[in-house]
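# Observations on the three-dimensional arrangement
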Amino acid sequence: MEIKGHSLARNLIEGEVISGFWNLSVKFVVLINSAMILTLLTVYDFGLYQLVISFITIASSLTSGGIDSIVEVSLSRFIGQLNIRSAKRLFLEYAGAKTVLGVILAILVFLGADIISNYYSQGLGIYIKIASIMILIESMQSVQDSFFRSKISFLNLSVPLAGELVKTLIIVTLFITKQGLNIKTVLIIHIVSQFCALAFSSFYFIKAYFKLFAQSALASNGILWPLVKAHGLWVLLRNILSKLSSSTRLWLVKFFLNTEAVAIYSLARSALAFIITLFPIGTMGLLLPRELDDHKRLRHIFARMLKYSSFLGLLLGICFFIFVPMVIHYFFPKYSEAVSLIKLMSVVFFLYGFYKVLRMMIIALQEQRILFIRSFDNTFLSIGLLALLLPILGVWGAALEYVITYAITTILFYYWLVKARPYLKIRVKEIFVFNRDDVFFAVGLYKNIIILFKDYLFKLKLYK
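All values derive from a computational prediction rather than experimental measurement. (Residues numbered from 1 in each chain as written. Predicted model: local features only at pLDDT ≥ 70, side-chain atom pairs only at ≥ 80, totals over all residues. Heavy atoms only, no water.)

### So, the packing of helix H5 (residues 124-131) against helix H6 (residues 133-150)
Closest axis-to-axis distance for the H5/H6 pair is 4 Å, and the angle between their directions is 25°. When the axis of H5 is compared with that of H6, the two are roughly parallel. Note on element contacts: H6 touches H5 through Ile133, Met134 and Ile135, opposite Lys129, Ile130 and Ala131. Residue composition of the contact of H5 with H6, grouped by class: five nonpolar, no polar and one charged. (Axes fitted to C-alpha atoms, helices over the stretch in contact; angles between N-to-C directions. Helix = DSSP H or I, 4+ residues; strand = E, 2+ residues; numbered from the N terminus. Parallel < 35°, antiparallel > 145°, perpendicular 65-115°, else oblique. Contact = heavy atoms within 4.5 Å. Nonpolar A, V, L, I, M, F, W, Y, C, P; charged D, E, K, R; others polar.)

As structure tokens, this is what we get:
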């Protein structure tokens, strides 16, 4: 059921235009910050920094047990059905649980930092202690982000930009005053920028929260715990395995190779992740839950998304293959070893065009068992391939493992999704053949963009 006055196409286009603008703005500033950090840190220090961040990522994933996506889908559906009482109850339960877990995990990581340091180096403990506060800040920020995404509000899209601008200001100030950068300084800058972003987000969150929930009572029965019992086990295990697989890659590269190899691989993977976030279909994941009851319409949307997403992925992959190695060569010559990794990993973009849509559909359908099975396979497949390839191929083996794992995951996502929902099976020609319907879609897309643009111009005139 859609919110009155809003169509799927209009919501999708508005979401992608606005999110696209903020994404490009944030990415531009992130690019500047990353360039300065890469230039000012040694290759070894950058590798060590990435190891610390990867450890914090694993700990942060435990603050929710991975139920963020499930909560967002349920909240979005409650709001779409105008069931505000249930939406309010679910959000408050979720926010309270996540904040408490954030506090507990931040304390545990701080106290356990010395144990980790004993297995790596004596200097690592202090970095982990400094970074432990990120767990609490990120848990609080993610609560607000989940609220905004569920409400299909785009106010929070400016939050990362605020944090990155603060980071830029601090780094430029240190550069001008010739203070220099080291791992400790970079971590502190990261924390300060996160805190400023949270403060900025909180201002808009408080206003939006009271506007939506102030006049509504709470639903009488608890919602979060039944939701966790219904889907929580699969989500919890899937999330832990997913984060473990992603972050373990860096530690395995360190184990089989060295810290410098961690830096090289991290740069290649970060460059890929940087471009992937520009994929303009993120809003659809929040709109799909409102289309689940009409199987014919859902299948139609699914087929179209796969077609356009795959071609966008191909286009981005070609650009990534051509231009990113040039940037590395001219601006970051000390990371020239990453160029061959980047060229190989460009294949992932085409795969991601399919993977992104498949994953959004699986989440919308709440097929958590499918996601768990893939996370389980993915974790052990990744570890096994890295253990096999790293000693033979060096850091190039890490890039090859990434591509192989992505390909297998994408294929199995489709297999399990179609097995669970046969009506979603897609014919090859629906993906690789363009017809009159695609022309109508392009024309409709153009008209909706023009209408959206005129609406915003009209609003601007009213505010003058």
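So, next bit.
### What about the nonpolar core?
Core analysis: the biggest nonpolar cluster contains 98 residues, and Leu187, Phe302 and Tyr335 have the highest contact counts within it. Among the elements that line this core, the one with the most residues is helix H10 (residues 259-276), at 12 residues. Those residues in contact with Leu187, other than ones at most four positions away along the chain, are Tyr49, Val52, Ile53, Tyr127, Ile130, Ala131 and Met134. Among the nonpolar cores identified, the runner-up in size contains 24 residues, and Leu75, Leu90, Val143 and Leu224 belong to it. (Core = buried A, V, L, I, M, F, W, Y, C linked by side-chain atoms within 4.5 Å. Buried < 20%, exposed > 50% of the residue type's maximum accessible area, 1.4 Å probe, protein only.)

### Observations concerning the pattern of salt bridges
For the coordinates displayed, the defined rule picks out four salt bridges. Salt-bridge contacts for Asp114 lead to Lys129; the nearest nitrogen and oxygen are separated by 3.4 Å. Of this pair, Asp114 sits in helix H4 (residues 84-120) while Lys129 sits in helix H5, placing them 15 residues apart in sequence. Taking relative accessible area as the criterion, Asp114 reaches 40% and is therefore assigned partly exposed. We classify Lys129 as partly exposed; its relative accessible area is 23%. For Arg249, the salt bridge goes to Glu401, with nearest N and O atoms at 2.9 Å. (Salt bridge = Lys/Arg side-chain N within 4 Å of Asp/Glu carboxyl O.)

### Digging into the packing of aromatic side chains
For any pair of aromatic rings, the description rests on two quantities: the centre-to-centre distance and the angle between the ring planes. Tallying each qualifying case throughout the model produces 24 aromatic pairs. Considering the side-chain rings of Phe205 and Tyr209, the 5.9 Å spacing of their centres and the 40° angle between planes classify their relative orientation as tilted. Remark: Tyr209 and Phe205 occur in helix H8 (residues 183-213); sequence separation between them is four residues, near one turn of the helix. Residue Phe205 shares its accessibility class with Tyr209, and that shared class is buried. Following the ring pairs from residue to residue traces out a cluster consisting of Phe91, Phe147, Phe148, Phe205, Tyr209, Phe210 and Phe213. (Phe/Tyr/Trp six-rings, centres within 6.5 Å; stacked < 30°, edge-to-face > 60°.)

### Examining the environment of Tyr406
Within the secondary structure, Tyr406 sits in helix H16 (residues 395-420). A relative accessible area of 12% places Tyr406 in the buried class. For the pair Tyr406 and Tyr355, spaced 51 residues apart in sequence, the C-alpha separation works out to 8.3 Å. Ignoring anything within four residues of it in the chain, the contact list for Tyr406 reads Val348, Leu351, Tyr352 and Tyr355.

### What about the packing of helix H2 (residues 43-61) against H8?
Packing of H2 against H8 brings their axes to within 10 Å, and their N-to-C directions diverge by 45°. With respect to H8, the element H2 is oriented oblique. Note that H2 runs across H8; the crossing there is right-handed. Contact with H2, carried on its side by Asp45, Leu48, Tyr49, Val52 and Ile53, involves Ile183, Val186, Leu187 and His190 of H8 and no other residues of that element. Its residues assigned to classes, the contact of H2 with H8 shows seven nonpolar, one polar and one charged. (Left-handed = near helix turned anticlockwise from the far one by under 90°.)

### Describing the side chain of Lys167
Within the secondary structure, Lys167 sits in helix H7 (residues 159-176). Among the polar contacts listed, one links the side chain of Lys167 to the side chain of His190, at a separation of 3.2 Å. Aside from chain neighbours lying at most four places away, what touches Lys167 is Asn33, Ile189, His190 and Ser193. (Polar contact = N/O pair within 3.5 Å; in protein donor to acceptor, adjacent residues only side chain to side chain.)

### Section: the side chain of Thr405
With respect to the helices and strands, the residue Thr405 is situated in helix H16. Not counting residues within four places of it along the chain, the set of residues in contact with Thr405 comprises Arg249, Asn378, Leu381, Ser382 and Leu385.

### Details of the confidence of the model for the protein
For the protein, the mean per-residue pLDDT works out to 78, and 76% of the residues sit at or above 70. For residues 1-6, every residue scores under 50 in pLDDT, and the model assigns this stretch 12 contacts once sequence neighbours within four places are set aside. Ignoring residues within four places in sequence, the model shows residues 458-464, a span with pLDDT below 50, making zero contacts including any to other chains. (pLDDT = per-residue confidence, 0-100.)

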